[in-house]
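So the chains spell out like this:
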Amino acid sequence: MSLAIIDAREWQNTFDLKTGHKRQDNSPKTQMVKAVLGEHPFPGDIADRGNQWVTETALDLVDRYDPNFVFLIYAQQYYSFRFEHPGEAKRQQLIDAVFEEVERFREESGFFPVVVGTGDMIPVKEYIDLSRLDGLAITSHWLTRYSGLYGITPADIRYLRQLAGIERLVSKKEFMSLFSSEPVSAERLPEYLAVAKEGYCFRSTLLRRPVMIPACNYSIPVSATLGKVNSIIDISGGIDAILREKKVALILVEGVGIKDFRLPYTSCANGKDWFAYENGEAQYLTISTGKHQVFAYPPGYRSYQEDDENKEYPFSGYLTSLPPGTVGERFGGKSIAVGNRSMFMHTVTGTDIAIECFARNLANQGCLGVIHR
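Just to check I follow, could you spell out the overall build of the protein chain for this structure?
For the protein chain, the helix and strand inventory stands at 10 helices and 20 strands. Relative to its length of 373 residues, the protein chain is compact, with a C-alpha radius of gyration of 20 Å against a globular reference of 21 Å. Across its three principal axes, the protein chain shows a C-alpha extent of roughly 60 × 50 × 40 Å. Sequence separation of 24 or more characterises 73% of the internal contacts of the protein chain that already satisfy a separation of 6 or more. As presented, the protein chain carries roughly 15,100 Å² of accessible surface, and 47% of it is formed by carbon and sulfur atoms. Each charge sign in the protein chain was given a centre, from 41 positive and 46 negative side chains, and these centres are 3 Å apart.

See below:
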């Protein structure tokens, strides 16, 4: 059983993570997590101290829990890029500041750092409107380059092929073939996947409209501390190897790619063939598990089919189960995760303890702490 502790500043409540039902638990570990949550209120997704909150919360947990593995995500600059599009001077300042936080954690904790940039961001060239289709187009909450298509007609196909922003249409069979070496669940895949050209963004009514989006990041940077890695799926195994000898911090820097990475790095493939991961759950799970994870929650999936009163893991967004094989789950020693990317810390890291902002669409609702073990 995993416990979820929500801290809304005025109150704290404890729940069963799977069912969402309230729980009473006063174990030492629960009291410790409650104390950390109480000491570190989350300032907000794009607040100036957003990344400092990650460092300070993680250092507090390191001091209290003494883990051997830490998984951190710094995302303040990602949200600022995505929704505010700061000028170049401010953008560079934000990137400098996040790498200062990475260095501060390394220096004060003594952990061996492996830093990954999730990819460069670029301004939106144009939005793609698929509302004219006879069929149904579905976009994910956070992906901008992929849209799932259902029940489309020959007329829809002709219309899509003449849109300037569409790079390709990929059938379910073709998509499955690309990842044929991975366990494939065809049930969740759309009939077709529309892929946008770089800089083009599928219009969605689900969230705030972005002004900057991920570039087509076919390669992402990994700090040279890990050595040579060829693919995003090699990062996890490299972490396992170092953990046999050292305390390790895997640190993901959101919205920063090869162009602006501030550390010596090696580049690795961020996907397969034409498919490049955006900053989302599939990219995180692939880094964490060492296996391509496009089928855990595939782009363009009709998530509403699983979202009813019987849905389990109500605090875990669209996920209906905890993904297996994550780096924290595999590691036998003590582990923690801290990040300002909501839901991802407790779902994709697999660590004993995870603390994250409990924010939705830039709405700050406090913090969430999860105790898996």
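Sorry, what's going on with the pairing of strand β3 (residues 69-74) here?
Along a regular strand, successive side chains alternate from one face of the sheet to the other. Extensive coverage of β3 is indicated by the burial of six of its six residues. With burial as the criterion, each face of β3 is covered, one bearing F69, F71 and I73 and the other bearing V70, L72 and Y74. In this structure, β3 lies alongside strand β14 (residues 248-253), joined through six bridges in parallel fashion. Bridging across to β14, F69 finds its partner in V248.

Teacher, can you tell me more about the pattern of salt bridges here?
Side-chain pairing between opposite charges can occur once the charged atoms of the two side chains come close. Scanning the model with the defined rule gives 15 salt bridges in all. Where R106 meets E103, a salt bridge forms, and the shortest distance between an N and an O atom there is 2.6 Å. On the criterion of helical spacing, the pair formed by R106 and E103 is a turn pair, its members being three residues apart in helix α4 (residues 88-109). Judged by relative accessible area, which is 31%, R106 ranks as partly exposed. Exposure remark for E103: the relative accessible area of 34% places this residue in the partly exposed category. Salt bridges linked by common partners bring E88, R91, D96, D260 and R262 together as one network.

What is the right way to look at the sheet that holds strand β7 (residues 136-139) in this model?
Remark on secondary structure: sheet strands pair via backbone hydrogen bonds, oriented parallel or antiparallel. Read from one edge of the open sheet, four strands run β7-β8-β10-β9, paired in antiparallel fashion. Only two strands of the sheet have a single partner each, and these edge strands are β7 and β9 (166-171). The sheet shows a mean angle of 25° between the axes of neighbouring strands, taken without regard to direction. Strand direction decides the pairing type here: strand β8 (residues 146-150) and strand β10 (residues 192-196), joined by four bridges, are antiparallel. Across the sheet, residue L149 finds its bridge partner in β10, namely Y192.

Just checking my understanding: could you explain unusual backbone geometry for this structure?
A positive phi angle, close to 75°, is found at R9, a residue other than glycine. Mapped onto the secondary structure, R9 falls in the loop between β1 (3-7) and β2 (12-16). Residue classification places R9 among the exposed residues on the basis of a relative accessible area of 51%. Its identity is not glycine, yet D273 carries a phi of approximately 55°, on the positive side. The residue D273 is located in the loop between β16 (271-272) and β17 (275-276) in this model. Its relative accessible area of 63% is what places D273 among the exposed residues.

Criteria and cut-off values
- Residues numbered from 1 in each chain as written.
- Predicted model: local features only at pLDDT ≥ 70, side-chain atom pairs only at ≥ 80, totals over all residues.
- Heavy atoms only, no water.
- Helix = DSSP H or I, 4+ residues; strand = E, 2+ residues; numbered from the N terminus.
- Rg over C-alpha atoms; globule rule 2.2 N^0.38 Å.
- Contact = heavy atoms within 4.5 Å.
- Areas by Shrake-Rupley, 256 points an atom, 1.4 Å probe, with all protein chains shown as cover.
- Lys, Arg positive; Asp, Glu negative; His and termini not counted.
- Charge placed at Lys NZ, Arg CZ, Asp CG, Glu CD.
- Buried < 20%, exposed > 50% of the residue type's maximum accessible area, 1.4 Å probe, protein only.
- Pairing = 2+ DSSP bridges.
- Salt bridge = Lys/Arg side-chain N within 4 Å of Asp/Glu carboxyl O.
- Axes fitted to C-alpha atoms, helices over the stretch in contact; angles between N-to-C directions.

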